[in-house]
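# Examining the three-dimensional arrangement
Spelled out, the chains give:
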Amino acid sequence: MTRYVLRRLGILVVSLLVALVVVFALLRILPGDPANALLAANATPDQVEAARRAVGSDLPLAQQFATWLGQMLRFDLGTSFTSGLPVLPDLAQRLVVTVPLTLIAFVVAVVLASVVGFVAAARADRWYGVLLSGITQLGVAVPVFWIGILLVQVVSLQWGLLPSSGFPRDDWAYPGDALESLALPIITVAVVMTASIARYVRSAVLDVLGADHIRTARALGASTASAFLRHGVRSAVVPVIAVLGIELASTFLGTVVVESVFALPGLGSMLITGIEQHDYPSIQGVLLVSTVAVLVIGFAADVVQRIVDPRLRATVSGNR
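Description of the structure in this document. (Residues numbered from 1 in each chain as written. Predicted model: local features only at pLDDT ≥ 70, side-chain atom pairs only at ≥ 80, totals over all residues. Heavy atoms only, no water.)

Before going further, it helps to examine the pattern of salt bridges. Any two side chains of opposite charge can pair, so long as their charged atoms come close to each other. As enumerated under the stated definition, the model contains 2 salt bridges in all. One salt bridge in this structure joins Arg8 and Asp302, with 2.8 Å as the shortest N-O distance. Placement of Arg8 in helix α1 (residues 2-28) and of Asp302 in helix α12 (residues 280-308) is noted, with a sequence separation of 294 residues between them. Grouping residues by exposure puts Arg8 and Asp302 together as buried. One salt bridge in this structure joins Asp90 and Arg94, with 3.2 Å as the shortest N-O distance. Of the two residues, Asp90 and Arg94 both sit in helix α4 (residues 87-122), 4 residues apart, roughly one turn of that helix. (Salt bridge = Lys/Arg side-chain N within 4 Å of Asp/Glu carboxyl O. Helix = DSSP H or I, 4+ residues; strand = E, 2+ residues; numbered from the N terminus. Buried < 20%, exposed > 50% of the residue type's maximum accessible area, 1.4 Å probe, protein only.)

Next comes the structure, spelled out in structure tokens:
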């Protein structure tokens with residue numbers, strides 16, 4: 001298992017290096033010059049050349065990449081072209097919003113999806129089991145921004161229960177105010193994530209409930225829930241773990257839309273502003289952090305799967 005983790009860490013490092021190359025290349029093939037962010041519409045050729053020297057776009061691409069890679073290794077994400085401030089502190093400030101939003105919504109969704117998925121599978125022959133399955137299908141089909149707009153209209157504007165937008169300037173100094181500001185975004189993300197995860201939970205539970213050892217336990221008098229909790233939980237959890245990793249990663253990336261709906265100062269607004277202003281360092285910083293998050297989540301999900309399932313550990317041992 002230790003060798004497997006080390007091997008996966010090596011793959012993670014290589015993936016990060018590839019991601020650096022891809023992020024750098026994608027931004028450089030876009031039309032326009034990064035120096036344009038520093039220039040007025042009527043800039044003179046001398047001003048254009050000075051701006052290109054300032055941002056380094058006058059250098060060969062290989063030299064630009066080498067310089068940028070050296071900055072990344074020093075955890076220096078550069079300086080914003082538009083604000084003139086370091087990108088890393090700004091990213092850290094944005095993550096204070098995006099990370100809690102993603103993690104809290106994820107935890108809520110996992111709890112709800114576990115219950116909904118189990119009931120939909122265990123009572124698949126009852127009307128409410130069929131109803132739950134239909135609701136999860138509908139939840140996956142509904143766009144996340146539509147749910148957010150609906151919640152703003154009903155919960156915030158009509159009922160006046162929760163704020164519709166914004167985040168406290170002092171961040172988490174007062175946790176109650178911060179959580180109140182994130183309540184509707186969390187519900188929005190959790191609804192869509194619950195529907196998606198519940199479908200996989202239902203499928204996994206159905207497979208386990210149809211296994212011989214579960215049928216035997218039920219024939220001996222155990223209830224469906226008791227037989228599943230005692231003999232089937234681990235078997236059902238293993239395939240769901242991989243899905244949870246994908247859902248968490250996609251939710252982290254998808255908060256751009258939700259943050260836009262609720263005007264939250266997270267990574268989403270930073271990315272959109274960077275694109276509008278052609279602020280390459282800010283765009284690169286957001287893409288890099290997002291890529292690292294996705295790769296780390298995938299690595300963690302893979303390792304947890306092998307910890308939970310002895311069969312996978314045996315496979316790893318056999319491949320040594």
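With that out of the way, let us pick up the packing of helix α11 (residues 267-276) against α12. Between two packed helices, both the angle of their axes relative to each other and the distance between the axes serve to describe the pair. As a packed pair, α11 and α12 sit with axes 8 Å apart at the nearest point and diverge in direction by 145°. In terms of crossing hand, the pair formed by α11 and α12 is left-handed. Across from Leu267, Met270, Leu271, Gly274 and Ile275 in α11, the residues of α12 making contact are Ser282, Ile283, Val286 and Val289. When the residues that make up the contact of α11 with α12 are grouped by side-chain class, the tally is 7 nonpolar, 2 polar and no charged. (Axes fitted to C-alpha atoms, helices over the stretch in contact; angles between N-to-C directions. Left-handed = near helix turned anticlockwise from the far one by under 90°. Contact = heavy atoms within 4.5 Å. Nonpolar A, V, L, I, M, F, W, Y, C, P; charged D, E, K, R; others polar.)

All right, on to unusual backbone geometry then. In this structure, Phe75 takes a positive phi of about 60° despite not being glycine. Mapped onto the elements of the fold, Phe75 is located in the loop between α3 (61-73) and α4. Using a relative accessible area of 66% as the deciding quantity, one classes Phe75 as exposed. Backbone geometry at Ala263 places phi at a positive 50°, although glycine is not the residue there. In this structure, Ala263 sits in the loop between α10 (233-261) and α11.

With 15 residues, helix α6 (residues 144-158) should reach 21 Å at 1.5 Å per residue; the first-to-last C-alpha distance of 20 Å fits that figure. Elements in contact with the buried residues of α6: α7 (175-209) and α10. Following α6 by one or two positions, Gly160 has its phi on the positive side, about 65°. (Expected span 1.5 Å × (residues − 1).)

Quick look at the packing of α1 against α3 now. In the contact formed by α1 and α3, the axes pass within 11 Å of each other and the chain directions differ by 130°. Considering their axes alone, α1 and α3 lie oblique with respect to each other. Relative to α3, α1 is oriented so that their crossing is right-handed. Contacts between α1 and α3 involve Leu20, Val21, Val23, Phe24 and Arg28 on the former and, on the latter, Leu61, Gln64, Phe65, Trp68, Leu69 and Met72. In the contact of α1 with α3, the residues fall into 9 nonpolar, 1 polar and 1 charged. (Parallel < 35°, antiparallel > 145°, perpendicular 65-115°, else oblique.)

The subject of this paragraph is the nonpolar core. Judged by nonpolar contacts, the single largest core of 43 residues is most densely connected at Ile197, Val205, Phe228 and Leu264. Among the secondary structure elements, those contributing two or more residues to this core are α4, α6, α7, α8 (212-219), α9 (224-231) and α10. Residue contributions to this core peak at 14 residues, all from α7. In contact with Leu264, not counting residues within four places along its chain, are Val97, Leu101, Gly166, Phe167, Leu182, Pro185, Glu259 and Ser269. Core analysis: the second largest hydrophobic core is formed by 19 residues, Leu91, Leu267, Tyr280 and Leu288 among them. (Core = buried A, V, L, I, M, F, W, Y, C linked by side-chain atoms within 4.5 Å.)

To continue, consider the side chain of Thr194. With respect to the secondary-structure elements, Thr194 resides in helix α7. Thr194 sits in the buried class, given a relative accessible area of 11%.

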